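Structure assessment
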Amino acid sequence: MALGGLRVLELAGLAPAPLCGLLLADFGAQVVRVDRCPRAAATPDVQARGKRSLAVDLKQPRGAALLRRLCRKADVLIEPFRPGVMEKLGLSPDLLLQDNPRLIYARLTGFGNAGKYAPLAGHDINYLAVSGVLSKLGRKDENPYAPVNVLADFAGGGVMCAMGILIALHERTKSGKGQVIDASMVEGTAYLSSFLWKSQKIGLWARPRGENPLDSGAPFYETYKTSDGKYMAVGALEPQFYKQFIIGLGLDSHKLPHQMSLSDWPEMKKAFADVFLTKTQAEWCAIFDGTDACVTPVLTADEAPFHPHNKERGSFLENDQGDISPRPAPILSRTPAIPSSKRDPFIGEHTKEILLEYDFSEEEISELLSLKVIEYSHPKANL
């Protein structure tokens, strides 16, 4: 695979960092998740596909020294802690890059590694708020709302951090040097939303939140309930697509206000809603599938893997435990991702084999185990 041979150390953390490691693992990187021990302090991770687990107590000097030694042979370190934590452990970027000048040291935080908010706790909704993006999300006369925790945590955080790692790795092929990546979820989210800033002067956001074409203000960019309690999504922005949308609804365009008559949008939305309530989702799919009306079913997480389009493309995968998840994207023609189909690792499951690979001796491993610097978990056989 494209990232075959790349050695990545991912310090166990919440949501964004595990996704970053997952993206690299899916495309072939050898990702070791460095879990916390004792195990009671472990961070839950549901994005461990293709990773191995090493459990170490970094609060012990021997544990911190162990990680420092691992970093000498690693290509990438993904670090998800608040600013200053690694420095207190004696694992600062300066020290680790001194040991290994080729190391890519990726620091993934909410507010970044400097600035007034840098040391503060936060979650997706807070990073969205400070990025300026949350103010754009929400319907008219309602509070701004965060669309679950996908935008800041995963897109602005995990994905942007992975992009930074790949950029740094590419640059390393020319300079031979590693570097530090300061991946802030606030800045990552704002950058992803560059279109919002760049389109301010073209009229897309001239009205208050919830009254613009793309933020639920327009009747032709909206979701509508069907007679069976499901939903259809409409994105008929361009005139040619809007025309097909109106035909599909069985309405006469000459009896409707002009598409861009903003004052008529509330009434048009109500009229469209009434029409959608006359048929089931499947009936509307039969009408709109195969057209350029930009009308699609709103699929649930249970339905999406079995939709004909997604099934034809193999867009979802099932592991050996029967769990379904999205296939890695994008698809590469020559070196595609081949994600692991095995279960996620137990905490500490691969501690010994990883340390052996990183040139620790059997005696060193036994000593570290006896001192409770590391943990080694043996999976139980299913009898």
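Everything numeric here is computed off the predicted structure, so don't read it as measured data. (Residues numbered from 1 in each chain as written. Predicted model: local features only at pLDDT ≥ 70, side-chain atom pairs only at ≥ 80, totals over all residues. Heavy atoms only, no water.)

Some thoughts on the sheet that holds strand β7 (residues 221–225)
- Judged by pairing direction, the sheet is antiparallel, and its three strands sit side by side in the order β7-β8-β9 without closing on themselves. Two strands close off the open sheet at either side, each with one partner strand: β7 and β9 (295–297). Going from strand to strand, the sheet's axes swing by 25° on average, the running direction of each strand aside.
- The pairing of strand β8 (residues 231–235) with β9 spans three bridges and is classified as antiparallel. Note on β9: the bridge partner recorded for valine 234 is valine 295.
- Its contacts with the sheet put helix α10 (residues 265–276) on β7 and β8, and the angle it makes with β7 is roughly 40°. (Pairing = 2+ DSSP bridges. Helix = DSSP H or I, 4+ residues; strand = E, 2+ residues; numbered from the N terminus. Axes fitted to C-alpha atoms, helices over the stretch in contact; angles between N-to-C directions. Contact = heavy atoms within 4.5 Å.)

What about the packing of aromatic side chains?
- What the rule picks out here adds up to twelve aromatic pairs.
- When the ring of phenylalanine 111 is compared with that of tyrosine 127, the centres are 5.0 Å apart and the planes differ by 85°; the resulting orientation is edge-to-face. Highlighted residues: phenylalanine 111 in the loop between β5 (104–109) and α5 (124–131) and tyrosine 127 in helix α5, separated in sequence by 16 residues.
- Take phenylalanine 111: its relative accessible area is 12%, and that puts it in the buried class.
- Ring centres of phenylalanine 276 and tryptophan 284 lie 4.9 Å apart, and the angle between their planes is 50°; this geometry places the pair in the tilted category. Both residues of the pair, phenylalanine 276 and tryptophan 284, count as buried.
- Among the aromatic residues, ring-to-ring pairing joins Phe220, Tyr224, Tyr242, Phe245, Trp265, Phe272, Phe276, Trp284 and Phe288 into one connected group.
- Directly above the aromatic system of tryptophan 284 lies the positively charged group of lysine 279, at a separation of 5.1 Å from the ring centroid. (Phe/Tyr/Trp six-rings, centres within 6.5 Å; stacked < 30°, edge-to-face > 60°. Buried < 20%, exposed > 50% of the residue type's maximum accessible area, 1.4 Å probe, protein only. Lys NZ or Arg CZ within 6 Å of the ring centre and 35° of its normal.)

Considering the nonpolar core
- Within the largest apolar cluster, 34 residues are counted, with the highest numbers of intra-cluster contacts made by Val8, Leu24, Ile78 and Ile165.
- Where this core is concerned, the elements lending two or more residues are α1 (16–26), β4 (76–79), β5, α5, α6 (150–175), β6 (179–184) and α7 (185–192).
- Ranked by residues supplied to this core, first place goes to α6 with six residues.
- The contacts of leucine 24, once residues within four sequence positions are left out, are Leu3, Val8, Ala29, Val31, Ile78, Ile165 and Leu166. (Core = buried A, V, L, I, M, F, W, Y, C linked by side-chain atoms within 4.5 Å.)

Observations concerning a nonpolar patch on the surface
- Nonpolar side chains collect at one region of the surface, where Tyr117, Leu120 and Val130 lie side by side and expose about 270 Å² of accessible area between them.
- Assignment of secondary structure puts leucine 120 in the loop between β5 and α5.
- Judged by its relative accessible area of 44%, leucine 120 falls in the partly exposed class. (Patch = residues over 30% accessible without salt bridge, like charges linked within 9 Å, V, L, I, M, F, W, Y side chains within 5 Å. Areas by Shrake-Rupley, 256 points an atom, 1.4 Å probe, with all protein chains shown as cover. Salt bridge = Lys/Arg side-chain N within 4 Å of Asp/Glu carboxyl O.)

Quick word on the environment of arginine 334
- Turning to its location among the elements, arginine 334 is positioned in the loop between β11 (324–326) and α13 (351–357).
- Residue arginine 334 is classed as exposed on the basis of its relative accessible area, which comes to 73%.
- It is 37 Å that separates the C-alpha atoms of arginine 334 and tyrosine 221, two residues lying 113 residues apart in sequence.

Points about the pairing of β4
- Burial along β4 is two-sided: Val76 and Ile78 facing one way and Leu77 and Glu79 facing the other are all buried.
- As paired elements, β4 and β5 share four bridges and run parallel to each other. Paired with leucine 77 across the two strands is tyrosine 105, which belongs to β5.

Section: the pattern of salt bridges
- Applying the stated rule across the entire model yields 23 salt bridges.
- For arginine 33, the salt bridge identified is with aspartate 35, shortest N-O distance 2.8 Å.
- For arginine 33, a relative accessible area of 4% corresponds to the buried category.
- Judged by its relative accessible area of 2%, aspartate 35 is buried.
- In this structure, glutamate 222 engages lysine 269 in a salt bridge whose closest nitrogen and oxygen atoms are separated by 2.9 Å. Pair noted here: glutamate 222 is in strand β7 and lysine 269 is in helix α10, with a separation of 47 residues, a long-range link.
- A network of salt bridges, in which partner residues are shared, links Glu10, Arg33, Asp35, Asp45 and Lys51.

Regarding unusual backbone geometry
- Along the chain, alanine 329 connects to proline 330 via a cis peptide bond; the corresponding omega equals 0°.
- Take proline 330: it is sitting in the loop between β11 and α13.
- Phi is positive for cysteine 294, close to 60°, though the residue is something other than glycine.
- In this structure, cysteine 294 sits in the loop between α11 (281–288) and β9.
- Accessibility expressed as a relative area gives 31% for cysteine 294, which makes it partly exposed.

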